[in-house]
Amino acid sequence: MIRKATQEDISSIMAMTKACAKTMIAKGIYQWNEHYPNKSAFINDIGRDELFVLEIENKLAGSIVISTLMDDEYFPIKWLTKNSNNIYIHRLAVHPDHQGKGLAQNLMDFAENYAIENNYTSIRLDTFSQNKRNQKFYELRGYKRLGDIYFPKQSVYPFHCYELVL
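One structure accompanies this document, and this report is about it. Worth saying up front: this structure is predicted, and the values here are computed from it rather than measured.

Describing the sheet that holds strand β4 (residues 86-94)
Next, step 1: Reading across from one edge, β1-β2-β3-β4-β5-β7-β6 is the order of the seven strands in this open sheet, with mixed pairing throughout. A single partner strand is all that each edge strand has here, and the edge strands are β1 (2-4) and β6 (144-149). Neighbour-to-neighbour, the strand axes of this sheet turn through a mean angle of 30 degrees, independent of strand direction.
Next, step 2: Across the sheet, helix α3 (residues 103-117) lies against β1, β2 (51-56), β3 (59-67), β4, β5 (122-128) and β7 (159-165), angled at about 165 degrees from β4, the strand it touches most.

In structure tokens, the structure reads:
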């Protein structure tokens, strides 16, 4: 079941993202760290009604942010569509205990259906350049890689920006 997140979900979300970061670091992927994702980002996401959680047997197993807010870092990218009617995917996470079961696909299906049902022009996102698995995941879904941005608090390596025109 996928539903909107509430303040009561914050501790479970933080525990899940810390577990994800630990798993990625163990695989040599330094995408998430002590700076990101952070509690204040999730609190803001909930305040904007943009954070969704996936539950299995009443336990949090995944999350996704579906936002209409374009981060400043995205402005230099030459997007395929105008910057007016887009959604942005952030902080897609599946608890390591549930990875490899298609839950990330379920969360992206949910986001893509949400975008289509609400008549958005495209879906935009970024993923870490050192995370080849994520790049393949999005490319197989039809997302086009358009350029790179940097988040210095996260990594010296770039993040690739992708867009799916609906």
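Observations concerning the pattern of salt bridges
Next, step 1: Per the stated rule, a full pass over the model turns up seven salt bridges.
Next, step 2: A salt bridge links R91 to D45, with the nearest nitrogen and oxygen atoms 2.8 Å apart. Highlighted residues: R91 in strand β4 and D45 in helix α2 (residues 39-47), separated in sequence by 46 residues.
Next, step 3: Residue class for D45 comes out buried when judged on its relative accessible area of 5%.
Next, step 4: Measuring nitrogen to oxygen at the nearest pair gives 3.0 Å for the salt bridge that ties R124 to E163. Taken as a pair, R124 in strand β5 and E163 in strand β7 lie far apart in primary sequence, 39 residues in all.
Next, step 5: Of the residues examined, R124 reaches a relative accessible area of 0% and is grouped as buried.
Next, step 6: Residue classification places E163 among the buried residues on the basis of a relative accessible area of 0%.
Next, step 7: What you see here is one network of salt bridges that share partners, running through R3, D9 and E55.

Reading the values: the criteria
- Residues numbered from 1 in each chain as written.
- Predicted model: local features only at pLDDT ≥ 70, side-chain atom pairs only at ≥ 80, totals over all residues.
- Heavy atoms only, no water.
- Pairing = 2+ DSSP bridges.
- Helix = DSSP H or I, 4+ residues; strand = E, 2+ residues; numbered from the N terminus.
- Axes fitted to C-alpha atoms, helices over the stretch in contact; angles between N-to-C directions.
- Contact = heavy atoms within 4.5 Å.
- Salt bridge = Lys/Arg side-chain N within 4 Å of Asp/Glu carboxyl O.
- Buried < 20%, exposed > 50% of the residue type's maximum accessible area, 1.4 Å probe, protein only.

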